[in-house]
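# A look at the structure
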Amino acid sequence: MRRVLLFVALAACGAPAAHPAMPAAPAIKPADDIAIAKPTSPSGDAAHDSTLKDPRVVDLDIIRIRATSTGVGGEPELTSVASSDLFRAATDAAKAGSSQDAIGRYRQLVHEFPDSQYAPVSLFNIAALYDKRGEIDQTIAALRELIATYPQSHESIEGHLYIVALQSDKAQWSDALATLAEVLARPNLTFADRIEAFARKGYVLLALDKLDDAEIALQAAVAEWRKAPHIDDPYYIAMAQYYRGEIQHHRFTYQTLRTGDDDMVADLEKKRTFAVAAYDLWKESLQFRSAYWATASGYQMSQIFVELWEAHVKAPYPKHVALEARPTYVAEVHARVKEHLQKALEGHRMNIELAKAYGVDTEWSRASTTQSLEIQERLAKEASGLYEKPAL
């Protein structure tokens, strides 16, 4: 981010100016930065979404031959079943909506072919089917079985992270942290696995309002990304950078404004510093071109200008401003920070276009639509002289 300038407007009315020199108007437009995330072609994001999966590599199949007697003195009748056939039948049943039949067939495969490459995938799919039915306890039980039975398979790691996602969705933060500790203790994690684990850990710690600990976890995700020779899917590094921005956003929000003139100037400057840091980190997330996190970052990069505007127009009246001079003071402050609203509006409009370019409709692009309308209403009120007033 080039710079987000926070106006500290304490203009004296009927008295000498008591505020520092007014900085120049911020040159940055959030739309300029949001535009860089436009994809060359629409693409989706990968995350745990309860979908079925197939083995990544097809090796030699396992076939079991059974001999069934046809009667006294008769020749035995031979029948065969292959693990791939069972897997295919189970997957077809799942796609047809027959989840119980699919679970039974996957279970048969795990029982009869425990050494097959399809066995850990089958357990993962059993968990996904339970999850789709909303049976969370059975989902976690199947994933725990996968972790215990096939600790060397990558499905086992994915299952471990799947549990974290489920616990986070249920706001079971302590359980999620405990599961993440198990994940990060595993010796066979890839760089991508560690990035995801640290990103999820940072998110959980942020939900617990442990900002410093969350920052350490998210920085660890970035460190893993920097060490990795290549990461195919940018989803979790984009997530980590987004939540690094959210940590600074939380600090911005928590920064209160004291009533003393000098104190208020100092507090507004602290808010500006946090806003700058947050914007820069959201911009980094945006550059990974992961559709969901790009639109999330685009929204926040735009909305922070609204929050900067509100911080100024709602700040308490300076003590030296006389009662009769307050209307003049309010008009002056609004005139000086109006650009924040204009830049926010431009950024939100660009975020809507960014979602269209990705071919997605996210909660963030929808929120940008809502905010665009609200900002237009605020600008219209300002144009008619209806100003939001400071806290008394």
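Quick notes on the rules
Residues numbered from 1 in each chain as written. Predicted model: local features only at pLDDT ≥ 70, side-chain atom pairs only at ≥ 80, totals over all residues. Heavy atoms only, no water. Axes fitted to C-alpha atoms, helices over the stretch in contact; angles between N-to-C directions. Helix = DSSP H or I, 4+ residues; strand = E, 2+ residues; numbered from the N terminus. Parallel < 35°, antiparallel > 145°, perpendicular 65-115°, else oblique. Left-handed = near helix turned anticlockwise from the far one by under 90°. Contact = heavy atoms within 4.5 Å. Nonpolar A, V, L, I, M, F, W, Y, C, P; charged D, E, K, R; others polar. pLDDT = per-residue confidence, 0-100. Buried < 20%, exposed > 50% of the residue type's maximum accessible area, 1.4 Å probe, protein only. Polar contact = N/O pair within 3.5 Å; in protein donor to acceptor, adjacent residues only side chain to side chain. Core = buried A, V, L, I, M, F, W, Y, C linked by side-chain atoms within 4.5 Å. Salt bridge = Lys/Arg side-chain N within 4 Å of Asp/Glu carboxyl O. Expected span 1.5 Å × (residues − 1). Arc of directions from axis to C-beta.

### Description of the packing of helix α13 (residues 326-358) against helix α14 (residues 363-383)
Across the interface, α13 lies against α14 with an axial gap of 9 Å and an inter-helix angle of 150°. Judged by the inter-axis angle, α13 sits roughly antiparallel to α14. The handedness of the crossing between α13 and α14 comes out as left-handed. In contact with His 334, Lys 338, Leu 341, Gln 342, Ala 344, Leu 345, His 348, Arg 349, Asn 351, Ile 352 and Ala 355 of α13, α14 contributes Trp 364, Ser 365, Ser 368, Thr 369, Gln 371, Ser 372, Ile 375, Gln 376, Arg 378, Leu 379 and Glu 382. Residue composition of the contact of α13 with α14, grouped by class: 8 nonpolar, 10 polar and 4 charged.

### Structural notes on the confidence of the model for the protein chain
On average, residues of the protein chain score 86 in pLDDT, and 82% of them reach the 70 mark or higher. Low pLDDT, under 50, characterises residues 1-27; the stretch is placed with 76 contacts to residues that sit more than four places away or in other chains. Scored below 50 in pLDDT, residues 41-47 shows 14 contacts in the model against residues more than four places distant or in partner chains.

### Focus: unusual backbone geometry
The backbone of Ala 171 shows a phi angle near 60°, a positive value even though the residue is not glycine. By secondary structure assignment, the location of Ala 171 is in the loop between α6 (154-169) and α7 (173-184). Of note, the phi angle at Arg 289 is positive, near 60°, even though the residue is not glycine. Along the polypeptide, Arg 289 turns up in the loop between α11 (261-286) and α12 (291-313). Overall, Arg 289 belongs to the partly exposed group, its relative accessible area being 39%.

### So, the side chain of His 348
Mapping His 348 onto the fold places it in helix α13. Within the structure, the side chain of His 348 is placed 2.8 Å from the side chain of Gln 303, a separation counted as a polar contact. Not counting the four nearest positions on each side in its chain, His 348 is found in contact with Tyr 299, Ser 302, Gln 303, Ser 368, Gln 371, Ser 372 and Ile 375.

### Quick notes on the environment of Gln 376
On the secondary structure map, Gln 376 appears in helix α14. A relative accessible area of 35% places Gln 376 in the partly exposed class. C-alpha separation for the pair Gln 376 and Gln 342, spaced 34 residues apart in sequence, amounts to 8.8 Å. Not counting residues within four places of it along the chain, the set of residues in contact with Gln 376 comprises Leu 345 and Arg 349.

### Comments concerning the nonpolar core
One finds Tyr 242, Tyr 243, Leu 286, Trp 293, Ile 304, Leu 354 and Ile 375 to be the most contacted residues of the largest nonpolar core, which totals 70 residues. Not counting the four nearest positions on each side in its chain, Tyr 243 is found in contact with Tyr 203, Leu 206, Leu 218 and Trp 293. Residues Ala 119, Leu 146, Ile 147 and Tyr 162 belong to the second largest nonpolar core, which totals 30 residues.

### Re the pattern of salt bridges
Following the criterion strictly, the structure yields 20 salt bridges and no others. Notably, a salt bridge pairs Arg 133 with Glu 135, separated by 3.0 Å at the nearest N-O pair. Exposure remark for Glu 135: the relative accessible area of 21% places this residue in the partly exposed category. Between Glu 182 and Arg 144 there is a salt bridge, and its shortest N-O distance comes to 2.8 Å. In this pair, Glu 182 is assigned in helix α7 and Arg 144 in helix α5 (residues 136-149), connecting sequence segments 38 residues apart. For Arg 144, a relative accessible area of 31% puts it in the partly exposed group.

### Points about the packing of α12 against α14
Between α12 and α14, the shortest axis-to-axis distance is 9 Å and the interhelical angle comes to 20°. Comparing their axes, α14 and α12 come out roughly parallel. The two elements α12 and α14 cross, and the hand of that crossing is left-handed. Side by side, α12 and α14 meet where Tyr 292, Thr 295, Ala 296, Tyr 299, Gln 300, Gln 303, Val 306, Trp 309 and Glu 310 of the first sit next to Glu 363, Trp 364, Ala 367, Ser 368, Gln 371, Ile 375, Arg 378 and Glu 382 of the second. Looking at side-chain class alone, the contact of α12 with α14 contains 8 nonpolar, 5 polar and 4 charged residues.

### What about α7?
For α7, which comprises 12 residues, the first-to-last C-alpha distance of 16 Å matches the rise-based estimate of 16 Å (1.5 Å per residue) to within 8%. Of all the positions in α7, only Trp 173, Ala 176, Thr 179, Leu 180, Val 183 and Leu 184 are classed as buried. One face of α7 carries all of its buried residues, which in axial projection span an arc of 135°. In the core, the buried residues of α7 are packed alongside α5, α6 and α8 (191-207).

### Section: the environment of Ile 216
Within the secondary structure, Ile 216 is located in helix α9 (residues 211-227). Relative accessible area serves as the criterion here: at 56%, Ile 216 is assigned to the exposed category. Separated by 28 residues in sequence, Ile 216 and Arg 244 have C-alpha atoms that sit 9.5 Å apart.

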